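Observations on the model geometry
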Amino acid sequence: MNTPISRKQFLGSTAAAVIVAGMKAQGNVLGANDRVRICTVGFNGRGSSHIKAFTSMKGDAEVAGLCDVDANVLARGGKQVADAQDSKPPQLFRDLRQACAAKDIDAITVATPNHWHSLAAILAMQGGKDVYVEKPMSHNIFEGRQVVAAAAKYNKKIGRAHV
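**Quick look at the nonpolar core**
The biggest cluster of nonpolar side chains holds 23 residues, and the ones touching the most others in it are Cys39, Cys67, Ile108, Met125 and Val131. Of all the secondary structure elements, the ones that give two or more residues to this core are strand E1 (36-41), strand E2 (61-67), helix H4 (96-101), strand E4 (107-110), helix H5 (117-126), strand E5 (130-133) and helix H6 (141-154). The residues contacting Val131, other than those within four sequence positions of it, are Ile108, Val110, Ala121, Ala124, Met125, Lys157, Ile158 and Gly159. One finds Ile38, Val63, Leu74 and Ala107 within the second-largest nonpolar core, a separate group that totals 13 residues.

Below you can see the structure in the form of structure tokens.
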């Protein structure tokens, strides 16, 4: 019997599948056993479903990093991820710039407050990461165009919620 899932669960699972499939198709997967190593930025709310979706993808994805400015949220999230996946605990970042610069992270999901979406996406692409951004991707057309321009400049993929 199929159990209905919520919109939040569906979007989280879809985001995970899109990122993993896209990275594998590009041949950008650098992790052991062809796993995509993900860092979720902002996970005290919507980002928690990103983490659940990725930790359920045994072998395909690894939550290799978490980023949040709140040290308590970060510590709690690190413990939850370590318990949920059979690998080393994720790297914990309080500074978005450090997460974006980390060489052992393949992609970043952005679930921060909305006013950070565009900047976080651009910083991630500058750091060589593909990005999934929760909606809205930007506050205005100018910001959205800057994200698209960064994707073209750095040859990176952007995924975002469509529902």
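**Topic: the sheet that holds E4**
Across the sheet, six strands lie side by side as E3-E2-E1-E4-E5-E6; this open sheet has parallel pairing. At either end of the open sheet lies a strand with only one pairing partner, and these are strand E3 (91-93) and strand E6 (158-160). Within the sheet, the average angular offset between the axes of one strand and its neighbour, ignoring direction, is 25°. One ladder, built from six bridges, connects E1 with E2; its direction is parallel. Pairing of Arg37 across the sheet is with Glu62, part of E2.

**Observations regarding the pairing of E4**
Burial along E4 is two-sided: Ala107 and Thr109 facing one way and Ile108 and Val110 facing the other are all buried. Note: E1 against E4, four bridges, orientation parallel. Of the residues in E4, the one forming a bridge with Val41 is Val110.

**A short note on the pattern of salt bridges**
Here the structure, examined in full by the defined rule, presents five salt bridges. As a salt-bridge pair, Glu62 and Arg35 come within 3.9 Å of each other at their nearest N and O atoms. Of the two residues, Glu62 sits in strand E2 while Arg35 sits in the loop between helix H1 (7-26) and E1, which places them 27 residues apart along the sequence. Just as Glu62 is buried, Arg35 falls in that class too.

**Let's talk about helix H2 (residues 47-55)**
Summarising burial for H2: seven of the nine residues are buried, a large majority. Taken as a whole, H2 has its buried residues at Gly47, Ser49, His50, Ile51, Ala53, Phe54 and Thr55.

**A short note on the state of the cysteines**
Following the criterion strictly, the structure yields zero disulfides and no others. Unpaired in this structure, Cys39 has its nearest cysteine sulfur neighbour in Cys67, at a distance of 5.7 Å. Note on Cys100: no disulfide assigned, nearest cysteine sulfur contributed by Cys67 at a separation of 7.4 Å.

**Thoughts on the confidence of the model for the chain**
When pLDDT is averaged across the chain, the result is 83; 78% of the residues are at 70 or more. Averaged pLDDT values over the elements of the chain bottom out at 54 in H1 and peak at 97 in E3. The low-confidence segment residues 1-11 (pLDDT under 50) makes nine contacts with residues lying over four places distant or belonging to another chain.

**Re the pairing of E1**
Moving residue by residue along a regular strand, the side chains alternate between the two faces of the sheet. The buried fraction of E1 amounts to six of the six residues, a majority that puts the element mostly inside the structure. The β-α-β motif built from E1, the intervening H2 and the parallel element E2 has right-handed crossover chirality.

**So, the packing of H5 against H6**
Interaxial distance between H5 and H6 falls to 9 Å at its minimum, and their mutual angle equals 10°. One element, H5, and the other, H6, form an angle in the roughly parallel class. Counted together, Ser118, Ala121, Ile122, Met125 and Gln126 of H5 and Glu143, Gln146, Val147, Ala150, Ala151 and Tyr154 of H6 form the full contact between these two elements. When the residues that make up the contact of H5 with H6 are grouped by side-chain class, the tally is seven nonpolar, three polar and one charged.

Parameters at a glance
- Residues numbered from 1 in each chain as written.
- Predicted model: local features only at pLDDT ≥ 70, side-chain atom pairs only at ≥ 80, totals over all residues.
- Heavy atoms only, no water.
- Core = buried A, V, L, I, M, F, W, Y, C linked by side-chain atoms within 4.5 Å.
- Buried < 20%, exposed > 50% of the residue type's maximum accessible area, 1.4 Å probe, protein only.
- Helix = DSSP H or I, 4+ residues; strand = E, 2+ residues; numbered from the N terminus.
- Contact = heavy atoms within 4.5 Å.
- Pairing = 2+ DSSP bridges.
- Axes fitted to C-alpha atoms, helices over the stretch in contact; angles between N-to-C directions.
- Salt bridge = Lys/Arg side-chain N within 4 Å of Asp/Glu carboxyl O.
- Disulfide = S-S within 2.5 Å.
- pLDDT = per-residue confidence, 0-100.
- Right-handed = clockwise from strand over helix to strand, strands pointing away.
- Parallel < 35°, antiparallel > 145°, perpendicular 65-115°, else oblique.
- Nonpolar A, V, L, I, M, F, W, Y, C, P; charged D, E, K, R; others polar.

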